[in-house]
Amino acid sequence: MGHTMFCFGREWWSQELAKPDIERHPVVAQAELIRATTNEGELNRDGLVNIQPTGPMLSFLGLAYDLYLCAHNEEIPAELMRRLKDPGQFEGALYEAFVISIFTRAGFGITFEDERDVSRRHCEFTAINRGTGFKFSVEAKAVSSSSKRAGSSDQQPPIKSKLHEALKKVADHPRIVFIEVNRSIGGSGEPSWLKSFYEQIDDAEMTLTVDKLPAPPAYVFVTNRPLIIEALGPGGEHFEAAYTGFKINDFPPDRAPDMLRLHKARMRHLEAYQLLQAVQSLTAIPMTFSNDPFVLLFQGLENENARGPVPRHPLELFDFVFPIYSKSSRENLIEWLSAHYLRTELEKLSQIDLAELYSAGIATSMSREFGPTRVGASKERADGKPDP
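Conventions adopted
- Residues numbered from 1 in each chain as written.
- Predicted model: local features only at pLDDT ≥ 70, side-chain atom pairs only at ≥ 80, totals over all residues.
- Heavy atoms only, no water.
- Salt bridge = Lys/Arg side-chain N within 4 Å of Asp/Glu carboxyl O.
- Helix = DSSP H or I, 4+ residues; strand = E, 2+ residues; numbered from the N terminus.
- Buried < 20%, exposed > 50% of the residue type's maximum accessible area, 1.4 Å probe, protein only.
- Axes fitted to C-alpha atoms, helices over the stretch in contact; angles between N-to-C directions.
- Parallel < 35°, antiparallel > 145°, perpendicular 65-115°, else oblique.
- Left-handed = near helix turned anticlockwise from the far one by under 90°.
- Contact = heavy atoms within 4.5 Å.
- Core = buried A, V, L, I, M, F, W, Y, C linked by side-chain atoms within 4.5 Å.
- Pairing = 2+ DSSP bridges.

J.: So, the pattern of salt bridges: which residues are in play, and what are the values?
T.: Taken as a whole and judged by the stated rule, the model has 19 salt bridges. Of the charged contacts in the structure, one is a salt bridge between K160 and D203, with a shortest N-O distance of 2.6 Å. Taken together, the residues K160 in helix α7 (residues 159-167) and D203 in helix α8 (residues 194-207) connect sequence positions 43 residues apart. Judged by relative accessible area, which is 24%, K160 ranks as partly exposed. Here D353 and K264 are joined by a salt bridge, their closest N and O atoms 3.7 Å apart. Of this pair, D353 sits in helix α15 (residues 351-370) while K264 is found in helix α9 (residues 259-268), placing the two residues 89 residues apart along the sequence. For D353, a relative accessible area of 28% translates into the label partly exposed. What makes K264 partly exposed here is its relative accessible area of 31%. A network of salt bridges, in which partner residues are shared, links E139, K141, E165 and K169.

Shown next, in the form of structure tokens:
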């Protein structure tokens, strides 16, 4: 709790603690709930207390980790902390911090917009991929926990309207939009809101306009982390996600019909694919924080061990064999491929194209031999938009 308290400021924290319980800021109330539950628990043989965290407890731990990752990017912007301290803006700022942490996990740097510039409605921040240098304008929108469309509401989540709000912002770079739906989680199956998500995106592609012009394209990620409203699934499921391309027909790459085109589509949208992988990795909120790669590796292994074996994505097989055959000579690749393709056609391809073609064939064979692979993701899930 120390780092979170430091981010909010000890004086501010002390002032909140002095208030009656019902008047305290949500983040302080969540921290005190963890403290009280821990104090009431019994020590195990290791001198630790085992507790079953509630949604608000997970909300606090998630924010603590998000602030930690944000601080490791460069700094936590003062405007974000101001909004987090304001109970009326807390939920929106909480989601922005969560989105920032996802980009940090995916290897992006973050540049925050100048909040003093009131001459235009700009996006939340700019994300810069550290590997490619490509920049993206990012907007994050959240359905409030008090909304009539949150929780177990029979009404559809307002995905189209939230997307419209995001696309009205001025963007200097290709757009990425995150939308939080704040819905109750029914269990480990398909998210209850998934069908509505696809239907609303399809409708928006045909009808949505901004300033009387067709709305611009965007990568769209919809998340569901209903921690504040304590709408976790019966098995403790606390995160769902889906993603698609709004007017970007070949994203996600899972929609490609074969391994080679799967890889080609991935490379055309490499930065968004890396973000997609970061979303898929959100299986648990770590109890201890570190930026040491070995610590993060073991945390990932522990999470995977806890949830059992997960089928691998087909591209993981491609990525396993490609570094090997990318070093093969052009002559050898042509010789190996000539049993399946016309040599005259192979002669037209570059060495890297040949290596991709051969690796795709090997990966496809491995996929058939070694059993199920994962396309999209499951609970804490992210599903690709189905082919029309």
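J.: Any details on the packing of helix α5 (residues 78-85) against helix α6 (residues 90-105)? Residues and values, ideally.
T.: Helix-helix packing is characterised by the crossing angle of the two axes and by the distance between the axes. Orientation of α5 relative to α6, taken along the N-to-C sense of each, is 140°, at an axis distance of 7 Å. Our classification of the angle between α5 and α6 gives oblique. Handedness of the α5/α6 crossing: left-handed. Touching L80, R83 and L84 of α5 are F90, G92, A93, L94, E96, A97 and I100, all from α6.

J.: So what's going on with the nonpolar core? Which residues, and what values?
T.: Ranked by internal contacts, the top residues of the largest apolar core, which has 72 residues, are F103, F178 and F221. Examining the composition of this core, we find that ten residues originate from one element, α6, more than from any other. With near-sequence residues (within four places) excluded, F178 lies in contact with Y95, V99, I102, F103, E139, A140, K141, F221, T223, L275 and V279. Listed in part, the 21 residues of the second largest apolar core include W193, L208, A215 and V220.

J.: Kindly report on the pairing of strand β7 (residues 218-224), identifying the contributing residues and their values.
T.: Counted residue by residue, β7 has seven buried out of seven residues, so it is predominantly covered. Side chains of β7 alternate between two faces, with A218, V220, V222 and N224 and Y219, F221 and T223 buried alike. As paired elements, strand β4 (residues 175-180) and β7 share six bridges and run parallel to each other. Residue pairing across strands places F178 opposite F221, the latter belonging to β7. Pairing between β7 and strand β8 (residues 240-246): seven bridges, direction antiparallel. Looking across to β8, one finds that T223 is bridged to A241.

J.: Kindly report on the packing of helix α2 (residues 10-17) against helix α3 (residues 26-40), identifying the contributing residues and their values.
T.: For the pair α2 and α3, the least separation of the axes is 10 Å and the interaxial angle reads 75°. Taken together, the axes of α2 and α3 lie roughly perpendicular to each other. Taken together, the residues of α3 that come into contact with α2 (itself represented by W12, W13, E16 and L17) are V27, V28, A31 and E32.

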